Amino acid sequence: MLALAASLSFVATARAHEHGSRASYSAGEPGDTAQPARTIEIAMSEMDYEPSRIEVKRGEQIRFVLRNVGTEDHEFLLATTKENLKHAAVMKKHPHMEHDEPNGVRVAPKKTAEVLWKFTKLGTFEFSCLIPNHREYGMTGHVTVK
């Protein structure tokens, strides 16, 4: 029962984001397409990101171009490690869950997607693939905001 409640809570949170609520994100905020952005390309494969460590300046807007060069679906979800671990637990119960979040995307093999993000908060944040077992096999990376 508690697991179901946690799952429903996560779904409700995700739906709040879908409907344009002014949600707060740990790593900053969704980017503004009218503003300039530095582009960082990330290749996603089995089971890593290249590059896996990125440094940005506070206030900088980044256009992540995510290329899945692997043979299976992969995700890019930008948050804190704690948030990603919590989300990963829900994903184990619902492995085909689709994300409609500005800080994350699922990318099919040989496809490309983008995430536009403005880093407004200092710290180190994680991006990881939360498809079951991908994170556990090392599919994580870090963004340090200075």
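Model, not experiment: these values are computed from the prediction. (Residues numbered from 1 in each chain as written. Predicted model: local features only at pLDDT ≥ 70, side-chain atom pairs only at ≥ 80, totals over all residues. Heavy atoms only, no water.)

Chemist: What is the right way to look at the packing of aromatic side chains in this model?
Modeler: Aromatic rings in a pair are described by how distant their centres are and how their planes are angled relative to each other. By the definition in use, this model includes 6 aromatic pairs. Each ring, one from Tyr-49 and one from Phe-127, has its centre 4.9 Å from the other, and the planes form 80 degrees; the classification is edge-to-face. Of the two residues, Tyr-49 sits in strand E3 (residues 48–50) while Phe-127 sits in strand E9 (residues 123–128), which places them 78 residues apart along the sequence. Classification of Tyr-49 by relative accessible area gives buried; the value is 1%. We classify Phe-127 as buried; its relative accessible area is 0%. (Phe/Tyr/Trp six-rings, centres within 6.5 Å; stacked < 30°, edge-to-face > 60°. Helix = DSSP H or I, 4+ residues; strand = E, 2+ residues; numbered from the N terminus. Buried < 20%, exposed > 50% of the residue type's maximum accessible area, 1.4 Å probe, protein only.)

Chemist: What is the right way to look at the sheet that holds strand E6 (residues 74–79) in this model?
Modeler: Strands belonging to one sheet form pairs held by backbone hydrogen bonds; the direction of such a pair is parallel or antiparallel. If you walk across this open sheet you meet the 5 strands as E4-E10-E9-E6-E7, and the pairing is mixed. Every other strand in the sheet has two partners, leaving strand E4 (53–56) and strand E7 (104–107) as the edge strands with one partner each. Recorded for the sheet is a direction-independent mean angle of 20 degrees between the axes of neighbouring strands. Alignment of E9 against strand E10 (residues 140–145), held across 6 bridges, turns out to be antiparallel. Within E10, the position partnered with Glu-126 by the bridge is His-142. (Pairing = 2+ DSSP bridges. Axes fitted to C-alpha atoms, helices over the stretch in contact; angles between N-to-C directions.)

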